[in-house]
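Secondary and tertiary structure notes
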Amino acid sequence: MTKQVVVLGGDGIGPEIMAEAVKVLNALALDIQLTEKLIGGAAIDAQAHPLPQDTLEAAQAADAILLGAVGGPKWDNNPMELRPEKGLLGIRKQLGLFANLRPAILYPQLASASSLKPEIVAGLDILIVRELTGGIYFGQPRGIRTNEQGEREGFNTYVYSESEIRRIGRAAFEAAQKRNKRLCSIDKSNVLEVTVLWKEVITELAKEYPEVELSHMLVDNAAMQLVRNPKQFDVLVTGNMFGDILSDEAAMLTGSIGMLPSASLNENNQGMYEPCHGSAPDIAGQGIANPLATILSAAMMLRYSLGDEASAQRIEAAVSKVLDQGLRTADIYNPQEAGTQKVGTAAMGDAVVAAL
Ligand code: NAD
Ligand code: IPM
Ligand code: MN
């Protein structure tokens, strides 16, 4: 049966990188119907809401969703409810996409694009499992209020229930079981009660996964260890905000944030797939953004939601091949490296299609 995929380009470089991912999917000539919808700032402008009802309904009915990025300076001073980011957070929450998988893999061809020494990152292959629909991003109460001294104060609530911790923990243990069987849970249990509970629940769960070796690390140390010796990790599991920050840090180990794809899954393995980066307003409209994170997200979509491992591998092999050919967008281009050539967004997408 024809698979239904909702395509959400979004804002800034979102539509530019999405055009390349769509090119690649079309070139594979699979039985997939792509339907474009609006989200983020584009949806605010056209439909006065960052997550219009028709977008949400199409996403709920789809087999998978592919998303570019949202946000930009045009909407930065909007009230919180009318910001592009609310569209993204809304779709994650409404679809229950609690398990965000962010693999950070260094393609050997890009060893010299990483800001770390080649020997530190060579062969890097880690997976960050980030909780995506809870924690401080969604906790109530939240807001800005006037306190008894007549001063304004901003407040958010960092809260996780046991069941929320357990389901993301399961996703992480299961991922670790399929990989190198090491899981590191990241918390701030020396200060924050919510992560004392996090650590307890993850520790309890470990009994169900005897083959997986569980360790715990405080988030500040983890941030340091990721750049000191990232290959000590296999799978990391953490809450929404720590996962957001650590995954941007991990992206740089792979050469560029433009290389990091992601999958966000719910209990039914319905998923949304998006690069980890944002809408990059500083380079939007210039045709120079790296489309590979989005193209690799489309590969993850084929693997996790559309049951087409062979096509996923074809895309990944094609990406590796264009890197072998020396093609580099500006973010991964190193002028010191012989045999490489700087290309734009569309040329990179065309090259991946040619390499399929
Ligand atoms: P960003 O990820 O958009 O950009 C950070 C830096 O990385 C910029 O210098 C940018 O040019 C570069 N970069 C990002 N993606 C790239 C790519 N594919 N190729 C080459 N270079 C790339 O983060 P930011 O600047 O902090 O945020 C900009 C906007 O994006 C904000 O509105 C933010 O809320 C939004 N955002 C959205 C998402 C998302 O939609 N998932 C993620 C992060 C940020
Ligand atoms: C990401 C982004 C989002 C997040 C923002 C845009 C809401 O930074 O997907 O990493 O913080 O989750
Ligand atoms: Mn982020």
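Residue numbers here run from 1 along each chain, matching the order of that chain's written sequence. Here chains are named by letter from A upward and ligands by number from 1 upward, in the order in which they appear as written. Only residues with pLDDT of at least 70 are given local features in this predicted model, and only at 80 or more are side-chain atom pairs given and counted; all residues enter the totals for whole chains, interfaces and linings. Hydrogens and water are ignored here; the side-chain numbers use all heavy atoms of the structure.

1. Some details on the site of ligand 2
In the region of ligand 2, the neighbouring residues are E85, L88, L89, R92, R102, R130, Y137, D244 and C276. Each polar contact in these results corresponds to two N or O atoms within 3.5 Å; when the atoms are within protein, one needs to be able to donate a hydrogen and the other to accept it, and residues that are neighboring in sequence are counted only if both atoms are side-chain atoms. Here an oxygen atom of ligand 2 and a side-chain polar atom of R92 are 2.7 Å apart. Between ligand 2 and R102 there is a distance of 3.0 Å, counted from an oxygen atom to a side-chain nitrogen or oxygen. For ligand 2, whose unbound accessible area comes to 320 Å², protein coverage reaches 80%. Strands here mean DSSP runs of E at least two residues long; helices mean DSSP runs of H or I at least four residues long; both are numbered from the N terminus. Element by element, the count of residues in the shell around ligand 2 is highest for helix 4 (residues 84-94), at 4 residues. Residues are sorted three ways: Asp, Glu, Lys and Arg are charged, Ala, Val, Leu, Ile, Met, Phe, Trp, Tyr, Cys and Pro are nonpolar, and all the rest, Gly among them, are polar. In the shell around ligand 2, the residues fall into 4 nonpolar, no polar and 5 charged. Throughout, near means a residue has at least one heavy atom within 4 Å of the molecule or strand. Areas reported here follow the Shrake-Rupley algorithm with a probe of radius 1.4 Å; residue values treat only the protein chains shown as occluding.

2. Remarks on the UniProt feature "site: Important for catalysis" (unreviewed entry) in the chain
Here the UniProt feature "site: Important for catalysis" (unreviewed entry) sits at Y137 and K188. Mapped onto the fold, Y137 is located in the loop between strand 5 (125-131) and strand 6 (143-146). Residues in contact with Y137, not counting those within four places in the same chain, are L89, R130, R142, N240, M241 and D244. With respect to the element layout, K188 can be found in the loop between strand 8 (182-187) and helix 7 (193-205). UniProt positions are given in the numbering used here, feature names are shortened, and annotations may be inferred rather than shown by experiment. Here, two residues are considered to be in contact whenever any of their heavy atoms come within 4.5 Å of each other.

3. Here's the deal with the side chain of T195
With respect to the helices and strands, the residue T195 is situated in helix 7. Judged by relative accessible area, T195 falls into the buried class, the value being 3%. At 3.0 Å, the side chain of T195 and the backbone nitrogen of S189 are in polar contact. Once residues lying within four places of it in the same chain are set aside, the contact partners of T195 are Y158, D187, K188, S189 and F242. Exposure classes here rest on a 1.4 Å probe applied to the protein chains alone. A residue is buried below 20% of its type maximum, exposed above 50%, and partly exposed in between.

4. Quick word on the packing of helix 1 (residues 14-27) against helix 12 (residues 345-355)
Here helix 1 crosses helix 12 at 15°, and the two axes come no closer than 9 Å. Relative to helix 12, helix 1 is oriented roughly parallel. When the axes of helix 1 and helix 12 are compared, the crossing they make is right-handed. Contact with helix 1, carried on its side by E16, I17, E20, K23, V24 and A27, involves T345, A346, G349, D350, V352 and V353 of helix 12 and no other residues of that element. Residue composition of the contact of helix 1 with helix 12, grouped by class: 6 nonpolar, 2 polar and 4 charged. Every axis corresponds to a line fitted to the C-alpha atoms, with the helix fit spanning only the stretch in contact, and the corresponding angles, defined between N-to-C directions, vary from 0 to 180 degrees. Relative orientations are named as follows: roughly parallel for angles under 35 degrees, roughly antiparallel for angles over 145 degrees, roughly perpendicular for angles from 65 to 115 degrees, and oblique for any other angle. Crossings are classed by handedness, with left-handed meaning an anticlockwise turn of the near helix from the far one by less than a right angle and right-handed meaning a clockwise turn.

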